[in-house]
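Okay, here's what each chain looks like letter by letter:
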Amino acid sequence: MTNPLYDELFGRHRDSDRSFLHLPDGGTLSFRAFLDMAAQFANALGAAGLDPGDRLAVQVEKSAEALAVYAAAAQTGVIFLPLNTAYTADEVDYFVGNSGARLVLCDPAAEARLAPVAAAHGAALMTLGGDGRGSFADAAADRPATFAPVDRAADDLAAFLYTSGTTGRSKGAMLTQENLLSNARVLTDHWRFTETDVLLHALPIFHTHGLFVATNVCLLAGASMILLPRFDADAVIGWLPRATTMMGVPTFYTRLLDDARLTRDLVGHMRLFVSGSAPLLSETHEAFEARTGQRILERYGMTETNMNTSNPYDGPRIAGTVGQPLPGVELKITDPETGAEVAQGEIGVIEVRGPNVFKGYWQMPDKTREELRENGFFITGDLARIDEDGYVRIVGRAKDLVITGGFNVYPKEIEEALDAQPGVLESAVIGVPHPDFGEAVVGVLVPAPGQTPDTDAIAAAIGGSLARFKQPKRLVVLDELPRNTMGKVQKNVLRERFAGLFA
Ligand code: AMP
């Protein structure tokens, strides 16, 4: 009997008394204790009537127990479906209905809200709190701490990860055991993870970054994790001396830079800082190096594909790039209209193929056909070019491309010009409806602390370096950019907000 995901990530630590998790209260959990808990949970899933291939929707706070539910799902062959803790009952209703989940696990505080949702779809509902308590934990408490892993093949489904859905309905990306394992193997090797590593984990575990990148890599390497509930500068700074590596979204790094306690001494012992899930500004990369001597390693991936590219461990980590394709990942830049590969250095859409690429969107054959080619290439929707050294530079999402008077404007180019202006901390460039041009370029500026950008002076300054059609028709100033939990700027929110600017 084999179950590659369980065996490779979890099962082989079965008899290890080494620490797996360092918890915020100072306690630790060994691999053995963690896997005992997972086996009890696996027994509880079986008792709740879940069979291999059934879906388990999980909207719970980050905790050791929440991770053990993931292990239990792997052990029982149940498809793991983690949900953003911010989703409302209406949103959860969609995920439960769409996925056909048989069991919903939620926080005890959400039980009253979600019970009708589960019932409406014929799913059972149990609870698991951030403190590890709840009806699911109770149901598992007296069960044996052993469970024979269910037989699974590498191409059996392991998880449904719903896309963050900033436009349209979220889609359930079907990920197989091999999708997850192949990527974990490549990343562990590429980033040199070993059992001596201690990863500072402050990411959410409902998203690919915190769940599959961070957790799977540590499990595969036998490394331990400091499991913090969320990013909190005090906690992160307090724990950094105990860590060897950290993975974060760019906002982790900007927030650390805002704190005077981030010094070369604080992180001198660290082996690796990784950034991803949203673009890391070159400026942040450079400021972090100037302050700490550490060059952040930026990588690029997404829900549907796991990780695709990475800057090298040894060798130049180039600010503003997401590095080169990972071993086993084929990457090409194509013309969004024709699908033909563009010339070297030209901008087009990134397509990727490899063992990391998902099997399609659950019950959405049309969407799957639109984005996943028959030859296995996935059309990511990210626009990029490859520079002379083979490094990928992302210039934005295809759907964020602004077409004004028939000309293509890539927001990143304008954002870089705006970011370099006095008094500007950061910017976002969007297209909004315009009666003459179809769309007009609008620049949204966030002031640097204590400063007020002079929009007329900025418009004049960039007028000298950007073609007229690229110049924003309007510059507006906002206190901050709307971002989701992964630090991504929500341009759809900005587009809605400024839709009437030229009406
Ligand atoms: P998600 O599916 O939520 O992980 O979002 C994936 C998207 O995040 C990608 O398609 C990119 O648009 C963006 N993304 C991820 N990593 C990076 C990065 N290092 N630089 C720029 N964008 C990124």
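Each remark here, short or long, concerns the structure printed above.
The paragraphs below set out a description of the structure included in this document.

Quick notes on the rules
- Residues numbered from 1 in each chain as written.
- Predicted model: local features only at pLDDT ≥ 70, side-chain atom pairs only at ≥ 80, totals over all residues.
- Heavy atoms only, no water.
- Salt bridge = Lys/Arg side-chain N within 4 Å of Asp/Glu carboxyl O.
- Helix = DSSP H or I, 4+ residues; strand = E, 2+ residues; numbered from the N terminus.
- Buried < 20%, exposed > 50% of the residue type's maximum accessible area, 1.4 Å probe, protein only.
- Core = buried A, V, L, I, M, F, W, Y, C linked by side-chain atoms within 4.5 Å.
- Domains from an automatic or database assignment.
- Contact = heavy atoms within 4.5 Å.
- Polar contact = N/O pair within 3.5 Å; in protein donor to acceptor, adjacent residues only side chain to side chain.
- Phe/Tyr/Trp six-rings, centres within 6.5 Å; stacked < 30°, edge-to-face > 60°.
- Pairing = 2+ DSSP bridges.
- Axes fitted to C-alpha atoms, helices over the stretch in contact; angles between N-to-C directions.
- 1 Å grid on protein atoms, 1.4 Å probe; cavity = no way out; pocket = protein on both sides within 12 Å on 5 of 7 lines; lining within 4 Å.
- Points joined across faces, edges and corners; volume = space filled by probe spheres on them.
- Nonpolar A, V, L, I, M, F, W, Y, C, P; charged D, E, K, R; others polar.
- Parallel < 35°, antiparallel > 145°, perpendicular 65-115°, else oblique.
- Left-handed = near helix turned anticlockwise from the far one by under 90°.

Moving on, we get to the pattern of salt bridges. When the charged atoms of two side chains with opposite charge come close together, those side chains can pair. Applying the stated criterion across every chain, the model contains 26 salt bridges. Here Glu351 and Arg373 are joined by a salt bridge, their closest N and O atoms 2.8 Å apart. One end of the pair, Glu351, is in strand β17 (residues 348-353); the other, Arg373, is in the loop between α13 (365-371) and β18 (378-386), and 22 residues separate them in sequence. Owing to a relative accessible area of 0%, Glu351 belongs among the buried residues under this scheme. A relative accessible area of 31% means that Arg373 is categorised as partly exposed. Here Glu413 ties to Lys470 by a salt bridge, and the two come within 3.0 Å at their closest N and O atoms. Of the two residues, Glu413 is situated in helix α14 (residues 411-419) and Lys470 in the loop between α15 (455-463) and β24 (474-477); the sequence distance between them amounts to 57 residues. A relative accessible area of 34% places Glu413 in the partly exposed class. According to the relative accessible area criterion, Lys470 is buried, its value standing at 18%. Where salt bridges share partners, they join Glu8, Glu178 and Arg185 into one cluster.

Take the nonpolar core next. The biggest cluster of nonpolar side chains holds 139 residues, and the ones touching the most others in it are Phe10, Leu21 and Phe34. Among the elements that line this core, the one with the most residues is helix α3 (residues 64-76), at 10 residues. Mapping this core onto the domain boundaries places at least three of its residues in each of domain 1 (28-152) and domain 2 (198-397). Setting aside residues no more than four positions away along its own chain, Leu21 makes contact with Gly27, Thr28, Leu29, Phe34, Ala64, Leu67, Met225 and Leu227.

Positive phi values are uncommon outside glycine, yet Arg192 reaches one of about 60 degrees. Here Arg192 lies in the loop between α7 (177-190) and β9 (198-201). Unlike most non-glycine residues, Ser277 shows phi in positive territory, near 85 degrees. Along the polypeptide, Ser277 turns up in the loop between β12 (272-275) and α12 (282-292). Its relative accessible area of 13% is what places Ser277 among the buried residues.

We now examine the environment of Pro279. Tracing the backbone through its elements, the reader meets Pro279 in the loop between β12 and α12. Residues Pro279 and Arg242, spaced 37 residues apart in sequence, show a C-alpha to C-alpha distance of 27 Å. When sequence neighbours within four positions are dropped, the list of residues in contact with Pro279 reads Pro250 and Glu298.

Looking now at the side chain of Ser63. Tracing the sequence through the fold places Ser63 in the loop between β3 (55-59) and α3. Here Ala66 takes part through its backbone nitrogen, which lies 2.9 Å from a polar atom of the side chain of Ser63. Sequence-distant contacts of Ser63, defined by excluding residues within four places in its chain, comprise Gly129, Gly130, Ile205 and Leu227.

One pass over the structure, following the stated rule, counts 18 aromatic pairs. Between Tyr253 and Phe288, the aromatic rings sit 5.3 Å apart at their centres with planes inclined by 85 degrees, giving edge-to-face as the arrangement. Residue Tyr253 is located in helix α10 (residues 250-257), and its partner Phe288 is located in helix α12; the two are separated by 35 residues in the primary sequence. Taken individually, Tyr253 and Phe288 each receive the classification buried, so the pair is uniform in this respect.

Next up on the list: the sheet that holds strand β19 (residues 392-397). Taken in spatial order, the 4 strands of this open sheet run β16-β17-β18-β19, and their pairing is antiparallel. The sheet terminates laterally at β16 (330-334) and β19, the two strands that pair on one side only. When strand polarity is set aside, the average angle formed by the axes of neighbouring strands in this sheet is 45 degrees. Where β17 and β18 come together, 4 bridges link them in antiparallel fashion. Bridging from a neighbouring strand, Val352 pairs with Phe378 of β18.

To continue, consider empty space enclosed by the protein. Over the atoms, a rolling probe the size of a water molecule traces out where space has been left empty. For the coordinates displayed, the defined rule picks out 2 cavities of 30 Å³ or more. Taken as a whole, the largest cavity encloses approximately 100 Å³ of empty space. Surrounding the largest cavity, Val58, Val60, Ala66, Leu67, Tyr70, Phe80, Pro82, Leu83, Ile205, Phe206 and Leu211 form its lining. Elements supplying a minimum of two residues to the lining of the largest cavity: α3 and β4 (79-82). A total of 3 residues in the lining of the largest cavity trace back to one element, the largest contributor, which is α3. Along the lines of polarity and charge, the residues of the lining of the largest cavity split into 11 nonpolar, no polar and no charged. Residues lining the lining of the largest cavity come from more than one domain, with at least three contributed by each of domain 1 (28-152) and domain 2 (198-397).

Here Ala140 is to be found in helix α6 (residues 135-141). Judged by relative accessible area, Ala140 falls into the buried class, the value being 1%. When near neighbours in sequence (up to four residues on either side) are disregarded, Ala140 contacts Gln40, Phe41 and Ala44.

With that settled, the discussion passes to the side chain of Thr245. Locating Thr245 in the fold gives a position in strand β11 (residues 245-248). Not counting chain neighbours up to four residues away, the residues in contact with Thr245 comprise Phe193, Asp197, Val198, Leu199, Leu200, Met270, Arg271 and Leu272.

Locating Ser310 in the fold gives a position in strand β14 (residues 306-310). Between the alpha carbons of Ser310 and Tyr361 there is a distance of 25 Å; along the sequence they are 51 residues apart. A polar contact is formed between the side chain of Ser310 and the side chain of Trp191, at a distance of 3.0 Å.

Bringing the packing of helix α4 (residues 89-99) against helix α5 (residues 111-120) into the picture now. Remark: α4 packs on α5, axes separated minimally by 9 Å, with the N-to-C direction vectors making an angle of 30 degrees. In this view, α4 runs roughly parallel relative to α5, as classed from their interaxial angle. At the point where α4 passes α5, the crossing takes the right-handed sense. Contact residues: Ala89, Val92 and Asp93 in α4; Arg113, Leu114 and Val117 in α5. A breakdown of the residues in the contact of α4 with α5 according to their chemical character gives 4 nonpolar, no polar and 2 charged.

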